[in-house]
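# Commentary on secondary and tertiary structure
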Amino acid sequence: MKTDISATINGKKLQSAVEPRTSLADLLREELRLTATHLGCEQGVCGACTVLIDGQPARACITLAVAADGSEIRTLEGLDQDRLMAVLKDAFEDKHGLQCGFCTPGMLISAWDLIRRKADLSDADIRIAMSGNLCRCTGYQGIVRSIASAAKIWADASQPEREPAR
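Now for a description of the structure that goes with this document. (Residues numbered from 1 in each chain as written. Predicted model: local features only at pLDDT ≥ 70, side-chain atom pairs only at ≥ 80, totals over all residues. Heavy atoms only, no water.)

## Points about the pairing of strand E1 (residues 3–9)
Formally: When DSSP locates at least two bridges between a pair of strands, those strands are taken to pair. Helix and strand assignments follow DSSP, with helices taken as H or I runs no shorter than four residues and strands as E runs no shorter than two, numbered in order from the N terminus.
As paired strands, E1 and strand E2 (residues 12–18) are joined by 7 bridges and run antiparallel to one another. Directly across from isoleucine 9, in E2, lies its bridge partner lysine 12. Count of turn residues in the E1/E2 antiparallel hairpin: 2 residues, of which asparagine 10 carries a positive phi of about 55°. In this sheet, strand E5 (residues 72–74) lies alongside E1 in parallel orientation, the contact comprising 2 bridges. Paired with isoleucine 9 across the bridge in E5 is isoleucine 73.

Pasting the structure below:
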């Protein structure tokens with residue numbers, strides 16, 4: 001028996017009937033074709049399926065779609081026009097923060113959340129905060145450099161304009 005759910009996904013209202021066992025990741029990927037939500041471990045460990053639910057990072061693979069009823073969900077596609085996400089994507093390209101790209105959507109969403117929550121990030125801060133996102137291709141140096149670069153660019157761009165020296 002299917003259950004009716006309603007949610008806002010990337011700013012659009014969704015009403016759907018889902019099997020109670022359907023994961024949010026499967027709903028996003030299979031029904032809505034939002035394929036930036038990657039399925040890796042399907043146990044909530046790797047972070048490839050990270051999305052924002054009501055503004056908080058969450059693992060879509062272990063979140064049942066019925067549990068997201070009434071929620072606001074943002075996927076990587078939903079952050080396409082976001083200025084911070086643009087800075088992050090550029091930094092990941094410039095600082096070699098990706099290789100195969102499988103973990104990248106989850107890394108980007110987690111990094112976006114981290115930069116929005118915390119200023120003056122050290123490499124250690126980044127490594128600790130990102131420890132829930134796994135990458136099999138890199139040694140994480142490029143990822144940490146990318147996030148540090150984006151955080152600095154974002155902080156510099158967010159500073160209020162200073163009065164000219166007299």
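On we go.
## Concerning the sheet that holds strand E4 (residues 56–59)
Which entries qualify depends on this criterion: Here an axis means a line fitted to C-alpha atoms, over the contact stretch when the element is a helix, while the angle between two N-to-C directions is reported on a 0 to 180 degree scale.
Pairing is mixed in the open sheet, where 5 strands are placed in the order E2-E1-E5-E3-E4. The strands lining the two open edges of the sheet, one partner per strand, are E2 and E4. Going from strand to strand, the sheet's axes swing by 40° on average, the running direction of each strand aside. Of the strand pairs in this sheet, strand E3 (residues 50–53) and E4 are connected by 4 bridges, and their pairing is antiparallel. The residue of E4 that forms the bridge with leucine 52 is proline 57.

## Examining the pattern of salt bridges
What counts is decided by this rule: Salt-bridge detection follows one rule: a side-chain nitrogen of Lys or Arg within 4 Å of a carboxyl oxygen of Asp or Glu. For every residue, the accessible area obtained with a 1.4 Å probe (protein chains only) is divided by the maximum for its type, and the residue is called buried under 20%, exposed over 50%, and partly exposed between those limits.
A complete count under the given rule lists 6 salt bridges for this structure. The partner of arginine 21 in a salt bridge is glutamate 19, and the shortest N-O contact between them spans 3.9 Å. Looking at arginine 21, the relative accessible area reads 68%, which means it is exposed. Among the salt bridges present, the one from arginine 33 reaches glutamate 30, with a minimum N-O distance of 3.8 Å.

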